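# Observations on the model geometry
Residue strings, one per chain:
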Amino acid sequence: MTDRPHAQPVPDLFTWEFAADPYPTYAWLRENSPVHRTTLPSGVEAWLVTRYADARQALADPRLSKNPAHHDEPAHAKGKTGIPGERGADLMTHLLNIDPPDHTRLRRLVSKAFTPRRVAQFAPRVQELADHLIDGFAGRGEADLIHEYAFPLPIYAICDLLGVPREDQDDFRDWAGMMIRHGGGPRGGVARSVKKMRGYLADLIHRKRAALPAEPDPGEDLISGLIRASDHGEHLTENEAAAMAFILLFAGFETTVNLIGNGTFALLTHPEERARLQTALAAGDRGLLATGVEELLRFDGPVELATWRYATRPVTLAGQQISAGDPVLVVLAAADRDPARFADPDTLDLARRDNQHLGYGHGIHYCLGAPLARLEGQVALATLLTRLPDLRLATDPAELRRRGGLIMRGLRTLPVSYTPVSVERK
């Protein structure tokens, strides 16, 4: 189903061919049907918003609610929208599903964990993780950078930030791996992992509450901070605390997996830009690294579509009427290639200025963990290119496959080769 007749047929959406390179299709939609009604693979009908100006407006429009209760069909209850298993695991009350004033209250409680100062204090740990993971495969001369580097780094980092004990972090890695593997397949696999994670978080919250010291230390973990806020009149329920920890983990790891994976792939397939960055890093100049990560977020970012929104009343976008109750999905990947906003949008330019991409959203739902994700992306890419300078793809780029799923955009694998490097064991 489409919003209006077109002189040319609408290109196929949500095929494997589309997943490999959706950008030509998004260009067609921006030009011919910028607010486009379609039927998603789940059977849910939704509007896709593809132009930058419209996307920015939609992301900040209070008439587009994050609360699935505003959907005019019970699709969410049937597990067709949102995160699989979150309703059954009683994890609905998180930042991606609520509006002000509850959103304002909950976001305030965790925002202090992601201040520039707190994130900067976490940088040595991220560097330690990057080096440790590379140590594990540097001597082999080959690796799968998704499973051996891009995936474990943010999992262990967010577990540290939350306060998950080191001895339990491999369990989290397994549950997160299930989410990655089943992202485009049976939603039941994800739902089972969500249920296991929910049970663990409930137990961890109980254990941390029982052991909570009277006064916080300067580096107190995030779950302890949530418990302390709850116990001091902030009206944070246990379900809200568990849901908050869950969504920070869920949203905080896969976006960074994809940032590292997509970013590395883009650099390996754009050798001039990759050489430009390596030259800057060798000279001790990290300025190009900072602008480069922003450009990688714009060029082939980790989040293809912003998470679900629902019209609470009729909304007009780009002349298109959206009815109350309709789901709206803002296509960040399309907006960030809009030539009306970005010069030469299909060109990778690591030094691009005025790069106000929408890779981490816009408005009150702007990604809370963006400072941490940027740090992880910068450290991961700089360490990889510095320690393995002749890194190269070990397969034809056309052979690589993207993971299924609606919201995220990431590679299943990223096989690489390089000259083996001996690692001095400490």
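Bear in mind that the values here come from a model prediction, so they are computed numbers and not experimental data.

Conventions and cut-offs
Residues numbered from 1 in each chain as written. Predicted model: local features only at pLDDT ≥ 70, side-chain atom pairs only at ≥ 80, totals over all residues. Heavy atoms only, no water. Pairing = 2+ DSSP bridges. Helix = DSSP H or I, 4+ residues; strand = E, 2+ residues; numbered from the N terminus. Contact = heavy atoms within 4.5 Å. Axes fitted to C-alpha atoms, helices over the stretch in contact; angles between N-to-C directions. Salt bridge = Lys/Arg side-chain N within 4 Å of Asp/Glu carboxyl O. Buried < 20%, exposed > 50% of the residue type's maximum accessible area, 1.4 Å probe, protein only. Phe/Tyr/Trp six-rings, centres within 6.5 Å; stacked < 30°, edge-to-face > 60°. Lys NZ or Arg CZ within 6 Å of the ring centre and 35° of its normal. Parallel < 35°, antiparallel > 145°, perpendicular 65-115°, else oblique. Nonpolar A, V, L, I, M, F, W, Y, C, P; charged D, E, K, R; others polar.

### Points about the sheet that holds strand β10 (residues 415–417)
- Here three strands make up an open sheet; going across it, the order is β4-β10-β9 and the pairing antiparallel. Lying at the two open borders of the sheet, with one neighbouring strand each, are β4 (142–144) and β9 (392–393).
- Across two bridges, the pairing between β9 and β10 is antiparallel. Looking at β10, one finds that L393 is bridged to V416.

### Some details on the sheet that holds strand β1 (residues 35–39)
- Strand order in the open sheet formed by five strands is β1-β2-β8-β5-β3, and the pairing between neighbours is mixed. In this open sheet, the two edge strands, each paired with only one partner strand, are β1 and β3 (64–65).
- The sheet contacts of helix α3 (residues 52–60) involve β2 (45–49), β3, β5 (309–311) and β8 (327–330), and relative to β8 the element is tilted by about 125°.

### Some remarks on the pattern of salt bridges
- Scanning the model with the defined rule gives 23 salt bridges in all.
- A salt bridge links E295 to R298, with the nearest nitrogen and oxygen atoms 2.9 Å apart. Of this pair, E295 and R298 both sit in helix α13 (residues 287–299), three residues apart, roughly one helical turn.
- The class for E295 is buried, based on a relative accessible area of 0%.
- The salt bridge involving R341 is made with D354; its shortest N-O contact spans 3.2 Å. Of the two residues, R341 is situated in the loop between α14 (332–335) and α15 (370–387) and D354 in the loop between α14 and α15; the sequence distance between them amounts to 13 residues.
- Relative accessible area serves as the criterion here: at 23%, R341 is assigned to the partly exposed category.
- Within this structure, R125, E128, D160 and R166 form a network of salt bridges that share partners.

### Some remarks on the packing of aromatic side chains
- This structure, assessed with the given rule, holds ten aromatic pairs.
- Measuring from ring centre to ring centre gives 5.4 Å for F18 and Y26, while their planes differ by 90°; the resulting arrangement is edge-to-face.
- You can call Y26 buried: its relative accessible area is 2%.
- Aromatic pair Y52 and F342: ring centres 5.6 Å apart, planes at 90°, arrangement edge-to-face. Residue Y52 is found in helix α3, and its partner F342 is found in the loop between α14 and α15; the two are separated by 290 residues along the sequence.
- On the basis of relative accessible area, F342 is assigned to the buried category, the value being 2%.
- Lying over the aromatic face of F342, R298 brings its terminal NZ or CZ to 5.4 Å of the ring centre.
- Taking NZ or CZ as reference, R337 lies 4.2 Å from the ring centre of F299, over its face.

### Focus on the packing of α13 against α15
- Where α13 contacts α15, the axes come no closer than 10 Å and their chain directions differ by 110°. As the angle between them shows, α13 and α15 are arranged roughly perpendicular. Contacts from L289, A290, V293, E294 and L296 in α13 reach R374, G377, Q378, L381 and A382 in α15.
- Its residues assigned to classes, the contact of α13 with α15 shows six nonpolar, two polar and two charged.

Honestly, that's just the spatial picture; any functional story needs more than this.
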